[in-house]
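Remarks on the overall topology
Each chain, letter by letter, is given below.
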Amino acid sequence: MSYPKRTAALASVAALAGSAVLMAAPAARAEVVNVNYQCKTPIGDKSAVSPIDIKGVKSGSGYRITMSWQKGVSSSPVDLGKGAMNPSATIRLGGADTGTMNVTGPANQAVVPANTPIKINDLTGTYTPKKSGKVTFTAGVLTIKALGTTTTCTPTNSPGASLTLDVTAASGSSGGGTRSDSGSDSGAALPQTGPEDSAIALGTLGGTVLLAGAAGTLWLTRRNQAARARR
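Calculation notes
- Residues numbered from 1 in each chain as written.
- Predicted model: local features only at pLDDT ≥ 70, side-chain atom pairs only at ≥ 80, totals over all residues.
- Heavy atoms only, no water.
- Helix = DSSP H or I, 4+ residues; strand = E, 2+ residues; numbered from the N terminus.
- Contact = heavy atoms within 4.5 Å.
- Phe/Tyr/Trp six-rings, centres within 6.5 Å; stacked < 30°, edge-to-face > 60°.
- Lys NZ or Arg CZ within 6 Å of the ring centre and 35° of its normal.
- Core = buried A, V, L, I, M, F, W, Y, C linked by side-chain atoms within 4.5 Å.
- Buried < 20%, exposed > 50% of the residue type's maximum accessible area, 1.4 Å probe, protein only.
- Disulfide = S-S within 2.5 Å.
- pLDDT = per-residue confidence, 0-100.
- Pairing = 2+ DSSP bridges.
- Salt bridge = Lys/Arg side-chain N within 4 Å of Asp/Glu carboxyl O.

Take the overall build of the protein next. A tally of regular secondary structure across the protein gives two helices and 11 strands. The order of helices and strands in the protein, counted from the N terminus, is α-β-β-β-β-β-β-β-β-β-β-β-α. Put simply, 75% of the contacts in the protein that link residues at least 6 apart link residues at least 24 apart.

Glancing now at the packing of aromatic side chains. Each aromatic ring pair is characterised by the separation of its centres together with the angle its planes make. In this structure the tally under the stated criterion is one aromatic pair. Judged by centre distance (5.2 Å) and plane angle (90°), the rings of Tyr 127 and Phe 137 are edge-to-face. Of this pair, Tyr 127 sits in strand E7 (residues 123-127) while Phe 137 is found in strand E8 (residues 133-146), placing the two residues 10 residues apart along the sequence. It is Lys 58 that lies over the ring of Tyr 63; its NZ or CZ is 5.3 Å from the centre.

Counting 35 residues, the largest nonpolar core has Tyr 37, Ile 65, Met 67, Trp 69 and Phe 137 as the members making the most contacts within it. At the level of elements, strand E2 (33-41), strand E3 (44-59), strand E4 (62-69), strand E5 (85-95), strand E6 (99-104), E7, E8 and strand E10 (163-167) are the ones that each hand at least two residues to this core. In terms of residues, this core owes the most to one element, E8, which gives six residues. Contact partners of Met 67, with chain neighbours within four places excluded, come to Tyr 37, Ile 52, Asp 53, Ile 54, Ala 89, Ile 91, Val 103, Asp 122, Leu 123, Ala 139 and Gly 140.

Take the state of the cysteines next. Within the structure shown, the criterion is met by one disulfide. Cys 39 shares a disulfide with Cys 153; S-S distance 2.1 Å. Torsion about the S-S bond of the Cys 39 and Cys 153 cystine: about 110°, corresponding to right-handed handedness. Remark: Cys 153 occurs in strand E9 (residues 149-155) and Cys 39 occurs in strand E2; sequence separation between them is 114 residues. Of the two residues examined, Cys 39 and Cys 153, each falls in the buried class.

Glancing now at the confidence of the model for the protein. Counting all residues, the mean pLDDT for the protein is 74, and 62% of those residues have values of 70 or more. Here residues 13-27 is a poorly scored stretch, pLDDT under 50, and it has 17 contacts once near neighbours within four places are set aside; other chains count. Low pLDDT (under 50) marks residues 174-223, which in the prediction has 86 contacts with non-local residues, meaning those over four places away or in another chain.

When E5 meets E8, the two strands line up antiparallel, connected through 10 bridges. Directly across from Gly 94, in E8, lies its bridge partner Thr 136. Linking two consecutive strands that pair antiparallel, namely E5 and E6, is a turn of three residues.

The next thing to look at is the pattern of salt bridges. All chains considered together, the criterion is met by four salt bridges. The salt bridge involving Arg 29 is made with Glu 31; its shortest N-O contact spans 2.6 Å. The exposure class of Glu 31 is partly exposed, given its relative accessible area of 40%.

Turning to the environment of Pro 129, a few remarks are in order. With respect to the element layout, Pro 129 can be found in the loop between E7 and E8. When its relative accessible area of 0% is taken as the criterion, Pro 129 is described as buried. With 39 residues separating them in the primary sequence, Pro 129 and Thr 168 have C-alpha atoms 6.6 Å apart.

Structure follows, in structure tokens:
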């Protein structure tokens, strides 16, 4: 193979290798899951089915988890004034990690009319990995506190996971159950599905492959020049 053709071939291989690495970047798996809630309320039992969406975005050494309800659950026999209802929930962890994490959110921003499904605002919390691997996030118990009463809604249809993340344990973490901090920071980044750092890391690896190809081309160029000089 001639020198120009050999150089072009090396450059093509390096470019293809970099592209393959980027294409292999793992994406989180997320899906909306219907959850059948059975609620224990001060006026009796109620049930409702709501599609649940859970998303995660990398935040420091952990992940910002956001849980969303697409339909209202339970109801109140009287109007709930602005700020009268405070929701919270648990998310069950599975796969590489076990246990639960807590998510919380703001009180209702508008009046909830009597005898209408209660729309739950997005609930958020922070998950810090204690183990590396694929971790699943599944809807757990929803708790609604309003007017001095507590309503507890429990999934009864064994819902599947709404989110799966491929995580890396935080530096200095040890094995064992996961604990999380919850909150409703309004300044948090908009939820995104899947860890961003995986794509960035693999993109860097792809760049390294490209640089390695360029270095090989430079070495061949100098070698050929030296060979011609000796002739």
